[in-house]
Amino acid sequence: MALLSAVSSLLPFSYGATRLSSKASLASTTSGFNLSSLRNSPRNPLRLYVSRAIADNGGYTEVSEIETPPPRTYTWPDNKRPRVCILGGGFGGLYTALRLESLVWPDDKKPQVVLVDQAERFVFKPMLYELLSGEVDVWEIAPRFSDLLTNTGIQFLRDRVKTLLPCDGLGVNGYESSVTGGTVLLESGFNIEYDWLVLALGAEPKLDLVPGAMEFALPFYTLNDAIRVNEKLSKLERRNFKNGSAIKVAVVGCGYGGVELAATISERLQDRGTVQAINVSKSILTSAPDGNREAAMKVLASRKVELLLGYLVRCIKRATDSEEEDGEGGYMLELEPTEKGVESQVIEADMVLWTVGTKPLLTELEQPSGGPSVLPLNVRGQAETDETLRVKGHPRIFALGDSSSLRDSNGKLLPTTAQVAFQEADFTGWNIWAAINNRPLLPFRFQNLGEMMTLGRYDAAISPSFIEGLTLDGPVGHAARKLAYLIRLPTDEHRFKVGVSWFAKSAVESVALLQSNLAKVFSSS
């Protein structure tokens with residue numbers, strides 16, 4: 001236990017007014033003890049693992065224990081100003097924090113804000129595909145929270161949420177008699193008392209829908225997923241260069257994620273491999289504007305992407321019982337048709353990419369005393385909210401993005417897209433301001449600005465909602481999409497750095513293209 005005390009003293013749990021940029025990795029070696037690394041991922045919650053080496057007749061026996069540090073309470077810099085805890089650093093959480101920072105506050109009411117996320121980087125997910133094409137660098141679309149929040153009053157804590165203990169479930173005005181809005185318990189044993197809570201925990205891929213998907217399919221949802229897919233592709237490309245074997249990629253799902261992946265990878269592989277895209281529906285992009293769907297069909301056909309429409313994936317398994325020398329083997333996908341009279345299919349693939357289904361991370365939280373959820377959740381595990389984005393029955397808790405089940409004026413659930421989360425963050429920040437200043441809260445109204453998708457390094461499709469029937473595709477759509485996302489990046493400083501980087505890259509590519517064209521002209525003459 002002496003070691004645990006020493007380790008806990010190294011963790012920056014008490015820092016007064018000093019900014020926290022916690023690193024969720026720690027290694028230490030002490031005589032008689034080995035401290036393993038702290039793992040921090042959706043599948044490996046943050047835990048402290050200690051192994052004690054015990055002498056036994058001249059040898060050693062490893063006895064492993066799991067210890068949790070004693071609870072510690074986050075120390076807010078000011079005991080008088082409101083305390084806002086934001087869980088999740090995606091579009092909903094980070095942009096809510098930045099919105100709160102940008103508003104004008106009375107000196108005694110400007111809230112203290114702490115942002116909690118399990119990763120050290122914010123990820124601009126709509127541009128993860130550009131990592132596969134080599135069009136962007138990691139720092140451009142996945143900056144560190146510590147860098148983004150340097151010139152703000154927002155504190156960042158890298159940790160995972162374990163349990164929520166709200167104290168405001170007393171009716172619409174019940175929180176007025178509460179000393180605190182509640183407490184958040186983190187995996188590290190850290191406790192945060194708050195006055196206002198924002199739930200923006202996001203979601204994770206749902207890989208348990210089909211046997212074998214969890215073991216053999218690769219999701220494409222996070223930065224780590226994109227890096228893993230890129231490394232796998234690079235390994236397959238090296239194998240192709242060595243023995244000339246064609247690379248076979250199967251993409252499950254033909255929504256935006258599946259189609260963008262299929263278009264990007266097929267462009268990267270060119271004639272070195274094939275891409276097959278599988279969808280349960282008889283068409284792709286079933287909810288997309290016609291212009292986007294037509295542009296996508298044109299690009300996929302030109303790159304010889306095989307569409308297997310009207311099929312369910314029954315299971316995924318290894319193609320052979322033994323793995324290859326590099327530890328990677330091929331896979332077989334059994335496909336079942338959705339229509340009678342159509343034969344089943346079995347296809348082989350070197351890599352299977354999964355883009356179907358997500359589940360909100362709210363469902364992963366432990367409940368106090370193992371009882372039912374302390375929040376009202378729908379069947380998908382999203383918090384039920386009113387039109388001001390407050391969780392029903394909990395006036396001091398707001399939920400947005402994947403954590404919210406807000407409905408539009410027609411009673412239809414809003415899609416869990418970056419565009420929706422971005423707009424919800426703006427309203428959430430304003431409504432927290434209004435609640436603290438005793439002003440009326442605004443009802444959220446989603447404004448669909450249109451839909452965008454990438455189709456390759458120099459290709460994209462945009463269908464703006466304010467001009468019916470208009471679709472920008474090809475290089476024009478690509479430039480417009482990139483400009484729109486540049487504007488959406490967090491903080492002016494980061495936008496400026498990324499803008500300069502993209503401009504420099506475009507200039508270099510233009511010069512290279514000009515030189516190539518001139519060389520062709522001179523060689524032909």
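In this numbering scheme, every chain counts its residues from 1 along its sequence in written order. In keeping with the model being predicted, local features are shown solely for residues with a pLDDT of at least 70 and side-chain atom pairs are shown and tallied solely at 80 or more, while totals for entire chains, interfaces and linings include all residues. With hydrogens and water set aside, each side-chain value is computed from the structure's full complement of heavy atoms.

1. Here we look at the pattern of salt bridges
By convention in these notes, a salt bridge is any Lys or Arg side-chain nitrogen within 4 Å of a carboxyl oxygen on Asp or Glu. Within this structure, the stated rule accounts for 28 salt bridges. Here Lys110 ties to Glu101 by a salt bridge, and the two come within 4.0 Å at their closest N and O atoms. Only protein chains enter the accessibility calculation, which uses a 1.4 Å probe; a residue is then buried when its area is under 20% of its type maximum, exposed when over 50%, and partly exposed in between. For Glu101, a relative accessible area of 24% corresponds to the partly exposed category. One salt bridge in this structure joins Asp208 and Lys206, with 3.6 Å as the shortest N-O distance. Taken together, the shared-partner salt bridges connect Arg314, Lys317, Glu334 and Glu336 into one network.

2. Describing the pairing of strand S25 (residues 450-456)
As a general feature of sheets, a regular strand has side chains that alternate between the two faces. A run of H or I in DSSP counts as a helix once it spans at least four residues, and a run of E counts as a strand once it spans at least two, with each numbered from the N terminus. Of all seven residues that make up S25, five are buried, and the element is covered over most of its length. A pair of strands counts as paired when DSSP detects no fewer than two bridges linking them. Where S25 and strand S26 (residues 459-464) come together, six bridges link them in antiparallel fashion. Along S26, the bridge assignment pairs Met452 with Ile462. The hairpin formed by S25 and S26 contains two residues between the paired strands.

3. Section: the environment of Glu231
Note that Glu231 resides in helix H7 (residues 223-243). For the pair Glu231 and Leu132, spaced 99 residues apart in sequence, the C-alpha to C-alpha distance is 9.4 Å.

4. Describing H7
Compared with the 30 Å implied by 1.5 Å per residue over 21 residues, the 31 Å span of H7 between its first and last C-alpha is a close match. Among all positions in H7, only Leu223, Asp225, Ala226, Val229, Lys232, Leu233, Leu236, Glu237, Arg239 and Asn240 are buried. Just beyond H7, the residue with positive phi is Gly244, at close to 75 degrees. Helices are assigned an expected span. That span is 1.5 Å times one less than the residue count.

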